[in-house]
Amino acid sequence: MSYPQYCPSPRELDDLELLTTGALVPVVAFNEPNSPVTLTLPEEVRAGAEAAGGVELVDPEGLPLARVSLPGGSVEPLTHAQFGPFRRYYLSPAQVRQQHSDRTVVPVVDALSEQQLQRLSGAGPVLLLAFVGTGTPDLTPTALIRATLTVAARLEDAAVVAVPLASRGDATVDHALGAQVARMYAGNADVLALPDAADDATYAPDVAAIIEADQPGPEEQGLVLFFTGLSGSGKSTLAQALMDRILEQGTRTITSLDGDVVRRNLSAGLTFSKQDRETNIRRIGWVAAEISRHRGLAVVSPIAPFDETRQQVRAMVDEAGGAFFLVHVATPLEECERRDRKGLYAKARRGEIPEFTGISSPYEEPQDADVRVDTTGRTIDDALQDVIDALAEAGYLDLRTPPEGEQGTSLVEQRGAPATTARRNPVSDEASAPTEAEEGALAPVSKPLRVLFVCTANICRSPYMELTARHLAGNDPTLEFASAGTHGFNDEPMNQPMVEVLQPGTTGHDDFRSRRLTTAELEWADIVLTAEASHRQFILDDNPALFRKVFTLGQFIEAVADIGSGVHGRELLGQLQQRRGPATADLDVADPYRRGDKAARTAADHIDRLLRAAVTALSSAGKAT
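Residues numbered from 1 in each chain as written. Predicted model: local features only at pLDDT ≥ 70, side-chain atom pairs only at ≥ 80, totals over all residues. Heavy atoms only, no water.

**Some points on helix 23 (residues 596–618)**
- The end-to-end C-alpha distance of helix 23 is 32 Å, a good match for the 33 Å that 23 residues give at a rise of 1.5 Å each.
- The axis of helix 23 is deflected most strongly, by about 25°, at L611.
- Among the residues of helix 23, A600, A603, A604, I607, D608, L610, L611, A614, V615, A617 and L618 are the ones counted as buried. (Helix = DSSP H or I, 4+ residues; strand = E, 2+ residues; numbered from the N terminus. Expected span 1.5 Å × (residues − 1). Bend = angle between axes of the 7 residues up to and from the residue. Buried < 20%, exposed > 50% of the residue type's maximum accessible area, 1.4 Å probe, protein only.)

**Brief notes about helix 17 (residues 461–473)**
- For helix 17, built from 13 residues, the straight-helix expectation of 18 Å at 1.5 Å per residue is met to within 8% by its first-to-last C-alpha distance of 18 Å.
- Most of helix 17 is tucked away: eleven of the 13 residues are buried.
- After helix 17 finishes, the residue G474 shows a positive phi value of roughly 60°.

**Describing the sheet that holds strand 18 (residues 550–552)**
- Strand order in the open sheet made by the four strands is 16-15-17-18, with parallel pairing throughout. Whereas interior strands pair on both sides, the edge strands pair on one side only; in this sheet they are strand 16 (479–485) and strand 18. Strand-to-strand twist in this sheet, taken as the mean axis angle between neighbours without regard to direction, amounts to 25°.
- As paired elements, strand 17 (residues 527–530) and strand 18 share three bridges and run parallel to each other. Looking at strand 18, one finds that T530 is bridged to T552. (Pairing = 2+ DSSP bridges. Axes fitted to C-alpha atoms, helices over the stretch in contact; angles between N-to-C directions.)

**Quick notes on the pairing of strand 17**
- The two faces of strand 17 match: I527 and L529 on one face and V528 and T530 on the other face are all buried.
- One ladder, built from four bridges, connects strand 15 (residues 449–455) with strand 17; its direction is parallel. Bridge assignment links L452 to a residue of strand 17, and that residue is V528.

**Some thoughts on the side chain of E278**
- Within the element layout of this structure, E278 appears in helix 10 (residues 274–293).
- This buried residue, E278, is left without a salt bridge; K274 holds the nearest opposite charge, at 4.8 Å.
- Not counting residues up to four positions away in its chain, the partners in contact with E278 are F306 and T309. (Lys, Arg positive; Asp, Glu negative; His and termini not counted. Salt bridge = Lys/Arg side-chain N within 4 Å of Asp/Glu carboxyl O. Contact = heavy atoms within 4.5 Å.)

**What about the nonpolar core?**
- The biggest cluster of nonpolar side chains holds 46 residues, and the ones touching the most others in it are I527, L529, F556, L611 and L618.
- Those elements giving two or more residues to this core turn out to be strand 15, helix 17, strand 16, helix 18 (496–500), strand 17, helix 21 (553–563), helix 22 (569–576) and helix 23.
- Per-element accounting of this core gives the leading share, ten residues, to helix 23.
- Setting aside anything within four residues of it in sequence, one finds L529 in contact with V451, L452, F453, V454, M465, F551, T552, L553, F556 and L618.
- Core analysis: the next-biggest nonpolar cluster, separate from the first, contains 37 residues, A23, V55, L65 and F131 among them. (Core = buried A, V, L, I, M, F, W, Y, C linked by side-chain atoms within 4.5 Å.)

**Section: the packing of helix 21 against helix 23**
- Interaxial distance between helix 21 and helix 23 falls to 10 Å at its minimum, and their mutual angle equals 60°. In terms of orientation, helix 21 and helix 23 fall into the oblique class. For the pair helix 21 and helix 23, the sense of crossing is left-handed. Across the interface between the two elements, L553, G554, F556, I557 and V560 of helix 21 pack against L610, L611, A613, A614, A617 and L618 of helix 23.
- Taken together, the residues that form the contact of helix 21 with helix 23 break down as ten nonpolar, one polar and no charged. (Parallel < 35°, antiparallel > 145°, perpendicular 65-115°, else oblique. Left-handed = near helix turned anticlockwise from the far one by under 90°. Nonpolar A, V, L, I, M, F, W, Y, C, P; charged D, E, K, R; others polar.)

**A look at the packing of aromatic side chains**
- Under the counting rule described, the total for this entry stands at six aromatic pairs.
- Where F226 meets F324, the ring centres are 5.4 Å apart and the plane angle is 45°; that geometry is what we call tilted. Residue F226 is located in strand 8 (residues 223–228), and its partner F324 is located in strand 11 (residues 323–329); the two are separated by 98 residues in the primary sequence.
- Judged by relative accessible area, which is 5%, F324 ranks as buried.
- Across the ring face of Y90, the terminal group of R87 is positioned such that the distance to the ring centre comes to 4.1 Å.
- Lying over the aromatic face of Y363, R310 brings its terminal NZ or CZ to 5.8 Å of the ring centre. (Phe/Tyr/Trp six-rings, centres within 6.5 Å; stacked < 30°, edge-to-face > 60°. Lys NZ or Arg CZ within 6 Å of the ring centre and 35° of its normal.)

**Considerations on unusual backbone geometry**
- That bond from V25 to P26 is cis: its omega, 15°, falls within 30 degrees of zero.
- Following the sequence through the fold, P26 ends up in the loop between helix 1 (10–21) and helix 2 (43–52).
- Residues L70 and P71 are joined by a peptide bond in cis, for which omega reads -5°.
- Inspection of the secondary structure puts P71 in the loop between strand 3 (64–69) and strand 4 (75–77).

**Re the sheet that holds strand 2 (residues 54–58)**
- Sheet architecture is open: four strands sit in the order 1-2-3-4, paired in mixed fashion. Because the sheet does not close on itself, it has two edges, and the strands there are strand 1 (5–6) and strand 4.
- For strand 3 and strand 4, the ladder comprises three bridges, and the chain directions are antiparallel. From the neighbouring strand, A66 faces strand 4, where its bridge partner is P77.
- Strands strand 1, strand 2, strand 3 and strand 4 of the sheet are contacted by helix 1, whose axis makes an angle of about 80° with strand 4.

**Digging into the confidence of the model for the protein chain**
- For the protein chain, per-residue confidence averages 85 on the pLDDT scale, and residues scoring 70 or more make up 91% of the total.
- Counting interchain partners and residues more than four positions distant, the pLDDT-below-50 stretch residues 403–445 has 50 contacts. (pLDDT = per-residue confidence, 0-100.)

**What about the side chain of T357?**
- Position of T357 relative to the elements: it lies in the loop between helix 13 (344–349) and strand 12 (371–373).
- Within the structure, T357 has its side chain in polar contact with the side chain of R277 (distance 2.9 Å).
- Other than its neighbours up to four places away in sequence, T357 contacts L230, R277, I303, P305, Y345, P362 and Y363. (Polar contact = N/O pair within 3.5 Å; in protein donor to acceptor, adjacent residues only side chain to side chain.)

**Notes on the environment of Q385**
- Mapped onto the elements, Q385 comes out in helix 14 (residues 380–394).
- Look at Q385 and you get buried, because its relative accessible area is 16%.
- Between the C-alpha atoms of Q385 and R339, which are 46 residues apart in sequence, the distance is 22 Å.

Right under this line is the structure:
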């Protein structure tokens, strides 16, 4: 009986290669008990695979690589990857022990600094084992191998081997698995684990050039602008208006992947069934991701009603090294029906169009949009300004300056608030003028540093952090605070046991009301400080691009202590982007909710200690107590 075929995820493909070469021994099969090396089959594949007793794994081109038995997960290799950049450096442990025996094995997950090279200079013959699997190095695999080959040439006797060891997303598991693989490659030789490069580490010019070319800034990164919304919402109009502005600026070339145009060319023959609509979006996403891979800019404006498919497109773009910017054109259904120039909604209401989004088929509103725009009652330019402002704040494109010879009024000025002193509420996103007492203090400050505290329900730890930080900061004009919760309550008062342990003189608890965390709040914040590592991971799962500004409070304080007391405010944030330790659970602020007065006091004391240091470090005015 023939086995059904399945193309694994990139991580599973990396695992397959290491299983077939014996690099993961004692792990020799997928899905062994308590093993992180797993294979997850889609339901439509699993049923047939279990009936047949196994599954045939193929690469993205359809080449059969191995058969995996079910149950058991044992692997029968059929062939191995023969192509790809630097494929000649991908050796098995047996090949390494044959060709490079007695070399000290040095695991490498990032470009080696001059300081690390100095540590290697007296280590004798070394084998630099570059871990290039999915999610492991910050650099791309090819860049890490190039950087490792470059430094190897400067050592007296060094060889390089590439190992596709993928990350599990858990630092402890990754470390243990990396040590296990390094030991398999070393055999009887020594393993030398280098310390991580310090934040002030220096790199040889040729290595620095590789890093810079591989990790462009947001303004140079490939970008996919993905507009989603109901038919008639205005998404195609906004997308076209944005493209016009980009072309007028003349700094980027654009590829448009408009829904109707794609239907005629890329997806001809597909119907409007749910399955075919999802296929259409995935095709658009794949093309857009490939454009971003080569640092191009793609503008996409399909309806894309289902979250799962939008997430698949996001993943394609992330894998290609591009940035995914989601614009939710959130015009209500009633307004879209009112516009209905093509009469589609009327036909759908009469049952003439089956599975019509918003009528007989659902539209799943995105919860991870980078910007949300309602075009009801607004001009194109006014609505477009929301997108332009969000792109500028994210660092991808700055289109706020009109072309030469044209003068416009900014959105803030249109709303009647002075652009130089407007302060923004992260929930309402409206500008509000400072109080009379604040005005003099704000004069020399261009923009306060915005700090967002996050816990689970926004009734215990994060409001305590917000109010205490505000109390500690006093009238400091360089800081602004807010809080939110990843789950739970909306518009609820602060938990009473936490109110009772606030420091004397702390105000605001009577008026405080909880709110859920939104994309708008994350965009508003310059830095996000969470109570627990799980809150941080919740944010990064949906917003991986925010990695450099989301910390646990404990992680932040440890990093600040490492940097030293002489760096403050935005300068501190700049250094923190490159210098941080892991967000481990032992740094969490314990949850006091429904655990009694003692737990509330313990949490408050812990937060107080951390916040005194945090507010002092974040302040540029030096006024925190």
